[in-house]
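Listed here are the chains, written in short residue letters.
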Amino acid sequence: MNKLAEDPDLWNDPQKAQKLMQERTSLEDSLTGIGNVERELEDQIGMIELGEAENDQAVVNESENALKTLKKEVARRELEALLSGEADRFDTYLEVHAGAGGTESQDWAQMLLRMYARWAEKRGFKIEYLEETPGEEAGIKSATIQVSGHNAYGWLKTEAGVHRLVRISPFDSNARRHTSFSSIAIFPVVDDSIKIDIKESDVRTDTMRSGGAGGQHVNKTESAVRLTHVPTGVAVVCQAGRSQHKNRAQAWDMLRARLYEIELKKREEQAAADQAAKTDIGWGHQIRSYVLQPYQMVKDLRTGVQTSDTSGVLDGDLDEFMAATLAQRAFGSTPGAIEDVD
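These numbers were taken from a predicted model, which means no experiment stands behind them.

**Description of the sheet that holds strand β6 (residues 203–208)**
What holds strands together in a sheet is hydrogen bonding between their backbones, with the strands either parallel or antiparallel.
Argument step 1. The strand order β6-β7-β8 describes an open sheet built from three strands, whose pairing is antiparallel. Across the chains shown, the open sheet's two edge strands, defined by having one partner strand only, are β6 and β8 (234–238). Between one strand axis and the next, the sheet turns by 15° as a mean value, whatever way the strands run.

**Brief notes about the environment of Q328**
Argument step 1. Secondary-structure assignment places Q328 in helix α10 (residues 319–331).
Argument step 2. Separated by 25 residues in the primary sequence, Q328 and T303 place their C-alpha atoms 7.2 Å from one another.

**Quick notes on the packing of aromatic side chains**
Geometrically, a pair of aromatic rings is defined through the distance of the ring centres and the angle of the planes.
Argument step 1. Evaluation of the coordinates by the stated rule reveals three aromatic pairs.
Argument step 2. Seen in terms of ring centroids, Y93 and F187 are 5.1 Å apart; in terms of plane orientation they differ by 40°. Their pairing is tilted. Taken as a pair, Y93 in strand β1 (residues 92–98) and F187 in strand β5 (residues 177–188) lie far apart in primary sequence, 94 residues in all. For the pair shown, Y93 and F187 are each scored as buried.
Argument step 3. Between W108 and Y290, the ring centres sit 4.9 Å apart and the planes meet at 65°, which makes this aromatic pair edge-to-face. Note that W108 is positioned in helix α4 (residues 103–122) and Y290 in strand β9 (residues 286–291), a separation of 182 residues in sequence. Each member of the pair, W108 together with Y290, is buried.
Argument step 4. Just above the ring of W155 sits the side chain of R123; from NZ or CZ to the centre is 4.5 Å.
Argument step 5. Above the plane of the ring of F187 lies R258, whose end atom (NZ or CZ) is 4.6 Å from the centre.

**A closer look at the UniProt feature "coiled-coil region" (unreviewed entry) in the protein**
Argument step 1. UniProt annotation of "coiled-coil region" (unreviewed entry) refers to residues 53–80 when read in the numbering used here.
Argument step 2. Note that residues 53–80 is 89% helix and 0% strand, and that its end C-alpha atoms are spaced 37 Å apart.

Conventions and cut-offs
Residues numbered from 1 in each chain as written. Predicted model: local features only at pLDDT ≥ 70, side-chain atom pairs only at ≥ 80, totals over all residues. Heavy atoms only, no water. Pairing = 2+ DSSP bridges. Helix = DSSP H or I, 4+ residues; strand = E, 2+ residues; numbered from the N terminus. Axes fitted to C-alpha atoms, helices over the stretch in contact; angles between N-to-C directions. Phe/Tyr/Trp six-rings, centres within 6.5 Å; stacked < 30°, edge-to-face > 60°. Buried < 20%, exposed > 50% of the residue type's maximum accessible area, 1.4 Å probe, protein only. Lys NZ or Arg CZ within 6 Å of the ring centre and 35° of its normal. UniProt positions renumbered as here; feature names shortened; annotations may be inferred.

Listed below in structure tokens is the structure:
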């Protein structure tokens, strides 16, 4: 790949060149990571031997703690190695939809959107807001963002489903406890190497004014575009651009991505997951519960992973939940590398 990258004729085909450079960078990052793990392991074992020889327990303890941290890093890389699905390497679209419940669910939907934005920022991923429909009083009814980064779809695909929140409502003057639901949909951003044929006659196009803050031009012209694929009922909306032309092109990309995701699920025999995605956003369909009252707990109902650090989770600390779900899909249970270290 290094030899191919040095070929002066490579960029005669920009699409091929970009794909090669992305794959090269991915492999380079993986090899560098393995090398760093090997060096860290050797260094910490050496420090433990030195500490034991000099009877310095503080050095031994420090290195043992470093090894525990290293084991978690190894577990993360072990799981990343599982992200070899056809679409795992792609960027991803993330949709948030508020469930029934008005302002409560709409506020929860906005909290979820912030949670995933914070998760992406911590990983150094790029975020682009494509569509947002504000709630009547607070929060959002729906929103779509594009998350760009290595294996973005591979990681975030574990988050698709209904998320349940239990808390004392800030909108209830009687300070009663409320339960709210919102759903997350994840689908990959497909590149030109993936061919998705869509008949234009099967797609209905609607234009509308963009909602929310977007500048004088955006709000006064019908720049927002909604595409509906009639045979499947799949609909996408884009209002990020200032022009209808740009939003239409982006919406077509989103529609191709949605239909590709459906095809992926068929190939992976995930009929049950497809059916769950069509159910109501409410009781009995949630994948994770976020309880803020009367106690603090976030629990994933698929894997059993839970934590009392609710503020950390809502601030984007989701890797533990994602890793457990990936491991469950791959092994049927959590792999040994991410078990607690004695």
